[in-house]
Amino acid sequence: MVPELPEVETIRRQLAPLLVGRSVREAWGHPSPKFAAASEIVGSSVTGVDRRGKYLLVNLEDGRQLVLHLGMTGRVAIVPLSSPIDEDPYVRAWWAFEDGEVLVFNDVRRFGRLAVVRSGEYQGIPTLAAMGPEPLSPGFDGRILWEFSRRSSQRIKTQLLSQRPVAGVGNIYADEALFRAGVNPAVRRLSRARAELLADAIKDVLAAAVERGGTTLRDYRSLEGIGGNQFHLQCYGRGGLPCLRCGVILRSRVIDGRTTTSCPSCQS
DNA sequence: CGCAGCGCCTGAAGGC
DNA sequence: TGCCTTCAGGCGCTGC
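So, here is what we can say about the structure in this document. (Residues numbered from 1 in each chain as written. Chains lettered and ligands numbered in written order. Predicted model: local features only at pLDDT ≥ 70, side-chain atom pairs only at ≥ 80, totals over all residues. Heavy atoms only, no water.)

## Concerning the layout of surface pockets
In this structure, the largest pocket encloses a volume near 1,100 Å³. Lys 54, His 69, Gly 71, Phe 111 and Arg 258 are the residues nearest the centre of the largest pocket, which is lined by 37 residues in total. When contributions to the lining of the largest pocket are tallied by element, the ones reaching two or more residues are β4 (64-69), β8 (113-118), α2 (126-129), α4 (156-161), α5 (171-181) and β10 (258-262). Sort the elements by how many residues they give to the lining of the largest pocket and β8 lands first, with five residues. Classifying every residue of the lining of the largest pocket by side-chain character gives 20 nonpolar, 10 polar and seven charged. (1 Å grid on protein atoms, 1.4 Å probe; cavity = no way out; pocket = protein on both sides within 12 Å on 5 of 7 lines; lining within 4 Å. Points joined across faces, edges and corners; volume = space filled by probe spheres on them. Helix = DSSP H or I, 4+ residues; strand = E, 2+ residues; numbered from the N terminus. Nonpolar A, V, L, I, M, F, W, Y, C, P; charged D, E, K, R; others polar.)

What follows is the structure in structure tokens.
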């Protein structure tokens, strides 16, 4: 639904070859402080596109980065300059390149945002500055989750969504990983053994979703269309339906403001 | 410093 | 059919 790590990574892979080497000739940002910085990179050229958690990092030749967060409903697209960009009321920013194509950032609900920073200087973007390790990197393992949970008073699901123990996990993949690891989303501490199970589940769930091009539910679209992971969800969105492992009816409830689905038996 | 609470947004879906 | 309410939710900000 919402772009989480697999969806942002899918977009990054599609966007990178389309942007690298191009120079911004003209740009516009919605006057809201969330988007207004778009025009600061006129004259800069793109050297690469990276990702940290759910943030897209567009590297510029002048040592700065355009940081994009898609929020819930954000989308990016590359379109010809001749397209009717102004007719879409939800375009929040665009960047026109020398060669006549335009990167468009569309976001109906304006939960997304963008920033232009000196490369790696994220003090103005608190979640990015405090971001935990990339889950598909060697720097992430069960010990990280175990130690974080020892120091935290929050429920494990809320810890994951904070982006601090691990990067890029949102509501869909938190529910999926907790289900597959057999961990109750409401617990506040993890045993070392359960932390290992949860770390492995996070890696498995995210890696599989990246391979499938992300999960397409309501809002997410990659540049090239839709992902395929929605057909492989075992827990998210299945409240009231039988657990695929044990048959007990899955329970949906709100934990710290987030709809959460879990198995009362497998995740006890 | 950690964390709870709140506000931001608007289309979709559900109730009557 | 149409109006009203509720829901979706990532993250920044504020204040304890």
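## Here we look at empty space enclosed by the protein
Taken as a whole, this structure holds one cavity of 30 Å³ or more when the rule is applied. Space inside the largest cavity adds up to approximately 50 Å³. Looking at the largest cavity, the residues that line it are Leu 19, Val 24, Ile 41, Val 46, Val 58, Leu 60, Leu 66, Trp 95, Phe 97 and Leu 103. Every element with two or more residues in the lining of the largest cavity is listed here: β3 (55-60) and β6 (91-97). For the lining of the largest cavity, a count of residues per class yields 10 nonpolar, no polar and no charged.

## Re the environment of Glu 40
Looking at the secondary structure, you find Glu 40 in the loop between β1 (24-29) and β2 (46-52). Separated by 140 residues in the primary sequence, Glu 40 and Arg 180 place their C-alpha atoms 44 Å from one another. Excluding residues that lie within four positions of it along the chain, Glu 40 makes contacts with Arg 64 and Val 116. (Contact = heavy atoms within 4.5 Å.)

## Structural notes on the packing of aromatic side chains
Enumeration according to the criterion identifies one aromatic pair in this entry. Across the ring face of Trp 146, the terminal group of Arg 150 is positioned such that the distance to the ring centre comes to 4.4 Å. The ring of Phe 179 carries Arg 245 above its face, with NZ or CZ at 5.0 Å from the centroid. (Phe/Tyr/Trp six-rings, centres within 6.5 Å; stacked < 30°, edge-to-face > 60°. Lys NZ or Arg CZ within 6 Å of the ring centre and 35° of its normal.)

## Points about the nonpolar core
Counting 28 residues, the largest nonpolar core has Trp 95, Phe 105 and Leu 114 as the members making the most contacts within it. It is helix α1 (residues 5-19) that provides the largest number of residues to this core, a total of five residues. By size, the runner-up hydrophobic cluster in this structure holds 25 residues, among which are Ala 174, Val 183, Leu 198 and Ala 201. (Core = buried A, V, L, I, M, F, W, Y, C linked by side-chain atoms within 4.5 Å. Buried < 20%, exposed > 50% of the residue type's maximum accessible area, 1.4 Å probe, protein only.)

## Re the protein's contact with DNA strand B
Around DNA strand B sit Tyr 90, Val 108, Arg 109, Arg 110, Phe 111, Ser 152, Ser 153, Gln 154 and Arg 164, and that is every residue in its neighbourhood. Separating a base oxygen of DNA strand B from a side-chain N or O atom of Arg 109 is a distance of 3.1 Å. Between DNA strand B and the protein, one listed contact pairs a phosphate oxygen with a side-chain N or O atom of Gln 154 at 3.4 Å. Residue composition of the surface near DNA strand B, grouped by class: three nonpolar, three polar and three charged. (Near = heavy atom within 4 Å. Polar contact = N/O pair within 3.5 Å; in protein donor to acceptor, adjacent residues only side chain to side chain.)

## Quick word on the sheet that holds β8
Backbone hydrogen bonds hold the strands of a sheet together, and the pairing may be parallel or antiparallel. Read across the sheet, four strands follow the order β2-β3-β4-β8 without closing on themselves; strand pairing throughout is antiparallel. Edge positions in the sheet fall to β2 and β8, since each of these pairs with one other strand and no more. Taken over all neighbouring pairs, the strand axes of this sheet differ in orientation by 20 degrees on average, direction set aside. Across the sheet, α1 touches β2 and β3, and the angle it forms with β2 is around 175 degrees. (Pairing = 2+ DSSP bridges. Axes fitted to C-alpha atoms, helices over the stretch in contact; angles between N-to-C directions.)

## Some points on unusual backbone geometry
Even without a glycine there, the phi angle at Gln 163 is positive, about 75 degrees. Exposure remark for Gln 163: the relative accessible area of 5% places this residue in the buried category. Here Asp 256, not a glycine, exhibits a phi torsion of approximately 50 degrees, which is positive. Secondary-structure assignment places Asp 256 in the loop between β9 (251-255) and β10.

## Some details on α1
Helical periodicity: at 3.6 residues per turn, an α-helix aligns residues three or four positions apart in one direction. The end-to-end C-alpha distance of α1 is 20 Å, a good match for the 21 Å that 15 residues give at a rise of 1.5 Å each. Counting buried positions along α1 yields 11 of 15 residues, so the element is predominantly enclosed. Leu 5, Pro 6, Glu 7, Val 8, Glu 9, Thr 10, Ile 11, Gln 14, Leu 15, Ala 16 and Leu 19 are the residues of α1 that are buried. Positive phi appears at Gly 21, one or two residues downstream of α1, with a value of about 90 degrees. (Expected span 1.5 Å × (residues − 1).)

## Comments concerning the packing of α5 against helix α6 (residues 192-211)
Across the interface, α5 lies against α6 with an axial gap of 8 Å and an inter-helix angle of 130 degrees. Compared by their axis directions, α5 and α6 come out oblique. Here α5 runs over α6; the crossing is right-handed. Each of Tyr 173, Glu 176, Ala 177, Leu 178, Arg 180 and Ala 181 in α5 lies in contact with α6, whose residues at this interface are Leu 197, Leu 198, Ala 201, Ile 202, Val 205, Leu 206 and Ala 209. Looking at the contact of α5 with α6 residue by residue, the class counts come to 11 nonpolar, no polar and two charged. (Parallel < 35°, antiparallel > 145°, perpendicular 65-115°, else oblique. Left-handed = near helix turned anticlockwise from the far one by under 90°.)

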